[in-house]
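Here is what each chain is made of, one letter per residue.
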Amino acid sequence: MPLRENIRFDSGGVQLAGHLFLPDPPTGSAGGSTPGPLAGVVVAGTWTSVKEQMADRYAEELARRGHAALAFDFTGYGESGGEPRDVESPRLKVRDLRAAAGFLAARPEVAEGRLGVLGVCAGAMYASAFAAEDARVRSVALVAPWLHDRRICEENYGGPEGIAAKKAAADDARRRYEATGEVRYVPVVSGSDPEAAMPFDIDFYLNPARGGIPEWSNRYAVMAWSEWLDFDAVALAPQVTAPVLLVHSEDAAIPDGARRFHDGLAGERTFVWTDGIQFDFYDQAPQVGRAADEAAAHFARTL
């Protein structure tokens, strides 16, 4: 079993909580105490998620395959600090990834210059944005990546009218928050509430045996819609020069966005097509194992 260490680090004055996973038994250590030198990988989970859902799972799987991997709660989520809570902010999440990379790179188990990032679903957008701006990132793996632009948002959120309605609601919620400190929330997932961020019965998020865990609040801050909808991940592709692996399925979320992102990449890129729906890649066999195998091999080759 990999070793897991509870850690904390600073991001813009906010204390973030995470889990650092290291291989066991230690590899390359003297006296069997300190593993290294290892490639280090920062793992970003899906939007609104906490580390115990899918980030921990992928970090542990990477540690099983010989890498040091860090999963953590973003600002305002889970065990991390930050107010207001549960606000999906790409800007803050990229900042947090930068801080997580600094923490991981400073660990004695991690070799200098061997730093990668793995993003699952919407975490792929944040991982890509981080890689585009930070030369420390030498390799990128994106699992079941949700990579959107304006066109994809319109296709998934009710066209231009749907986008306008969500942004108007976000503006109203932002004004209320600034005036009163009150945050308006809707469910992230609900099969009965049409205002939910994902208005569907999604077993992963609603099943306590999967992702419906106590650490996850199942609430989405309405004022976050504008920043989320305006984020253009596809346009970032030409700025990502590190080698990129994408693992996806035609039956998972928006494969067209992943294809267009792949085609726009400036550097080395590999696309692995496999089977499964989006949520299989969060916790199910064989999807997680296949994705972890591909990612670990990619990092071993490119870091």
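A short tour of the structure in this document, coming up. (Residues numbered from 1 in each chain as written. Predicted model: local features only at pLDDT ≥ 70, side-chain atom pairs only at ≥ 80, totals over all residues. Heavy atoms only, no water.)

### What about the pairing of strand β1 (residues 3-11)?
Link 1 in the chain: Note that β1 and strand β2 (residues 14-22) share nine bridges and pair antiparallel. Among the inter-strand pairings, isoleucine 7 is bridged to a residue of β2, identified as glycine 18.
Link 2 in the chain: What sits between β1 and β2 in their antiparallel hairpin is a turn of two residues, with glycine 12 showing a positive phi close to 60°. (Pairing = 2+ DSSP bridges. Helix = DSSP H or I, 4+ residues; strand = E, 2+ residues; numbered from the N terminus.)

### A few points about the sheet that holds β2
Link 1 in the chain: Across the sheet, eight strands lie side by side as β1-β2-β4-β3-β5-β6-β9-β10; this open sheet has mixed pairing. Lying at the two open borders of the sheet, with one neighbouring strand each, are β1 and β10 (269-274). For this sheet, the mean angle separating the axes of adjacent strands, direction not counted, is 20°.
Link 2 in the chain: As judged from the four bridges shared by β2 and strand β4 (residues 68-72), these two strands associate in the antiparallel manner. In the sheet register, histidine 19 faces β4, and the bridge partner there is alanine 71.
Link 3 in the chain: Helix-sheet contacts for helix α1 (residues 55-64) involve β1, β2, β3 (38-44), β4, β5 (110-120) and β6 (139-143), and the interaxial angle to β2 is about 35°. (Axes fitted to C-alpha atoms, helices over the stretch in contact; angles between N-to-C directions. Contact = heavy atoms within 4.5 Å.)

### Let's talk about unusual backbone geometry
Link 1 in the chain: With omega at -5°, the peptide bond leading from glutamate 83 into proline 84 counts as cis.
Link 2 in the chain: Structurally, the position occupied by proline 84 is in the loop between β4 and α2 (90-105).
Link 3 in the chain: Going from alanine 285 to proline 286, the amide bond is cis rather than trans, its omega being 5°.
Link 4 in the chain: Look at aspartate 86: it is not a glycine, yet its phi comes out positive at around 55°.
Link 5 in the chain: The class of aspartate 86 is buried, set by a relative accessible area of 6%.
Link 6 in the chain: Positive phi outside glycine occurs at cysteine 121, with the angle close to 55°.
Link 7 in the chain: Among the structural elements, cysteine 121 can be located in the loop between β5 and α3 (123-133). (Buried < 20%, exposed > 50% of the residue type's maximum accessible area, 1.4 Å probe, protein only.)

### Concerning the layout of surface pockets
Link 1 in the chain: Approximately 390 Å³ is the volume attributed to the largest pocket.
Link 2 in the chain: Residue lining of the largest pocket: 20 residues in total, with Trp146, Asn156, Tyr157, Met198 and Phe200 positioned closest to the centre.
Link 3 in the chain: Looking at the lining of the largest pocket residue by residue, the class counts come to 17 nonpolar, two polar and one charged.
Link 4 in the chain: Looking at the second largest pocket, its volume works out to about 220 Å³.
Link 5 in the chain: For the second largest pocket, the lining is made up of 14 residues, of which Pro84, Val87, Ser89, Arg91 and Leu92 are closest to its centre.
Link 6 in the chain: When contributions to the lining of the second largest pocket are tallied by element, the ones reaching two or more residues are α2 and α5 (159-180). (1 Å grid on protein atoms, 1.4 Å probe; cavity = no way out; pocket = protein on both sides within 12 Å on 5 of 7 lines; lining within 4 Å. Points joined across faces, edges and corners; volume = space filled by probe spheres on them. Nonpolar A, V, L, I, M, F, W, Y, C, P; charged D, E, K, R; others polar.)

### Description of the pattern of salt bridges
Link 1 in the chain: For the structure on display, the rule yields 28 salt bridges.
Link 2 in the chain: Residue aspartate 86 is joined to arginine 219 by a salt bridge in which the shortest nitrogen-to-oxygen separation is 2.5 Å. Here aspartate 86 is found in the loop between β4 and α2, whereas its partner arginine 219 is found in the loop between α6 (203-206) and β8 (220-221), with 133 residues between them in sequence.
Link 3 in the chain: Taking the relative accessible area as the measure of exposure, arginine 219 reaches 31% and is therefore partly exposed.
Link 4 in the chain: Across the pair lysine 93 and glutamate 88 runs a salt bridge, and its minimum N-O distance is 2.9 Å.
Link 5 in the chain: Here the residues in one salt-bridge network are Glu60, Glu61, Arg64, Arg65 and Asp293, joined through shared partners. (Salt bridge = Lys/Arg side-chain N within 4 Å of Asp/Glu carboxyl O.)

### Quick look at the side chain of lysine 51
Link 1 in the chain: Within the fold, lysine 51 resides in the loop between β3 and α1.
Link 2 in the chain: For lysine 51, a relative accessible area of 0% puts it in the buried group.
Link 3 in the chain: Each residue touching lysine 51, except ones within four places of it in the same chain, is listed here: Ala17, Gly18, His19, Asp56, Ala71, Phe72, Asp73 and Glu79.

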